[in-house]
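# Examining the three-dimensional arrangement
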Amino acid sequence: MIREINKFGSPLLNVKAVPVEIPKGSTGGLTSAVEGGRQWPEHIVNFVRDLTETAESMKANCAGLAATQIYKETDGPECPAIITIKNLDGWLVAVNPIVKPMGKKVDMLEACLSGPGQIYKVKRRANIWISYVNLEFEEIESKLYGEFMPVVFALQHEVDHLNGITIDKIGKLKHGKN
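Quantities reported herein were computed from a predicted structural model and do not represent experimental measurements. (Residues numbered from 1 in each chain as written. Predicted model: local features only at pLDDT ≥ 70, side-chain atom pairs only at ≥ 80, totals over all residues. Heavy atoms only, no water.)

### Thoughts on the packing of aromatic side chains
- In the structure shown here, the tally under the stated rule is two aromatic pairs.
- Considering the side-chain rings of Phe-8 and Tyr-120, the 6.1 Å spacing of their centres and the 80° angle between planes classify their relative orientation as edge-to-face. Here Phe-8 is found in the segment before strand 1 (28–29), whereas its partner Tyr-120 is found in strand 6 (residues 119–133), with 112 residues between them in sequence.
- By relative accessible area, Phe-8 is classed as buried at 18%.
- The exposure class of Tyr-120 is buried, given its relative accessible area of 1%.
- Taking 4.5 Å as the distance between ring centres and 20° as the angle between the ring planes, the aromatic pair formed by Trp-40 and Phe-137 counts as stacked. Note that Trp-40 is positioned in the loop between strand 2 (38–39) and helix 1 (42–57) and Phe-137 in the loop between strand 6 and strand 7 (139–144), a separation of 97 residues in sequence. Neither residue differs from the other here; Trp-40 and Phe-137 are each classed as buried. (Phe/Tyr/Trp six-rings, centres within 6.5 Å; stacked < 30°, edge-to-face > 60°. Helix = DSSP H or I, 4+ residues; strand = E, 2+ residues; numbered from the N terminus. Buried < 20%, exposed > 50% of the residue type's maximum accessible area, 1.4 Å probe, protein only.)

### Details of helix 1
- Relative to the 22 Å expected for 16 residues at 1.5 Å per residue, helix 1 spans 22 Å between its end C-alpha atoms, a close match to the ideal helical length.
- Listing the buried residues of helix 1 in full gives Ile-44, Val-45, Phe-47, Val-48, Asp-50, Leu-51, Thr-52, Thr-54 and Ala-55.
- Each element contacted by the buried residues of helix 1 is listed here: strand 3 (64–66), strand 4 (82–87) and strand 5 (90–111).
- Where helix 1 terminates, the next one or two residues include Lys-59, which has phi positive at roughly 55°. (Expected span 1.5 Å × (residues − 1). Contact = heavy atoms within 4.5 Å.)

### Here we look at the pattern of salt bridges
- With the rule as written, the count across this model stands at seven salt bridges.
- Its salt-bridge partner being Lys-121, residue Asp-107 comes within 3.6 Å of it at the nearest N-O pair. Residue Asp-107 is found in strand 5, and its partner Lys-121 is found in strand 6; the two are separated by 14 residues along the sequence.
- According to the relative accessible area criterion, Lys-121 is partly exposed, its value standing at 35%.
- When salt bridges with common partners are traced through the structure, they connect Arg-3, Arg-49, Asp-50 and Asp-75 into a single cluster. (Salt bridge = Lys/Arg side-chain N within 4 Å of Asp/Glu carboxyl O.)

### Considering the pairing of strand 4
- The pairing of strand 3 with strand 4 spans three bridges and is antiparallel. Bridging from a neighbouring strand, Ala-66 pairs with Ile-83 of strand 4.
- Counting the residues between successive antiparallel strands, the hairpin from strand 4 to strand 5 contains two residues. (Pairing = 2+ DSSP bridges.)

### Notes on the nonpolar core
- Within the largest apolar cluster, 39 residues are counted, with the highest numbers of intra-cluster contacts made by Trp-40, Ile-82, Ile-83 and Leu-155.
- Looking at this core, the elements that each hand over two or more residues are helix 1, strand 3, strand 4, strand 5, strand 6 and helix 2 (149–162).
- Top contributing element to this core by residue count: helix 1, with six residues.
- Contacts of Leu-155, omitting those with residues within four sequence positions, involve Ile-83, Ile-85, Val-99, Ile-128, Ile-130 and Leu-144. (Core = buried A, V, L, I, M, F, W, Y, C linked by side-chain atoms within 4.5 Å.)

The structure is reproduced here in C-alpha cells:
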C-alpha cells in the first residue's frame, strides 16, 4: 500500500526507530514458508511492502526511504529500523542498518520527500562502513567509497531519519521555503 509521507514538522519524524528482532532459524526470507525456517513477522512483511511500494511510487524523485517517513502511530508503539535504497538492481531493503561515516566531509545538496520542493546544503562523509540484515537474513557489512557517492549519501540520509534527524535541522536551506 502506498502511504503518505510524513512532512517536516511532524512529530513522527522525531521518532527514533527501534531495532527489529531478527527471527531465529536457518532459512527463509520475506515471503518464505519453509518448514522449520525463519520468517519475518507479518507486521514487518507488511511494513516492508508499504515502504518499497511507497518508494517505487515516487519514481525518479526517490533515492531512498526510511521507516520513520511513513510510520503512523497505528503501526504500533515502535517504528521498525528499516530503510530502502534505490540501487542498480532495484530496491535494497536494509533491516537494522548501522552507518559509520569515514573520511573527509563534503558539501552535498540534498532533497527529501518529507520537505517537497526544498533543497538543503548538508555536510556528509565521502565514505562509510555499513552493517545491516537483508530480507534473506544475511548479515551484510561493507565499506563504500566515493565512487558510490549517491548511495553513500542516501544511506547516511536515511539512517539519520531512523535516528530522528532530518536535513531541515542539520542543513542550510538553499532552495524552497520552510
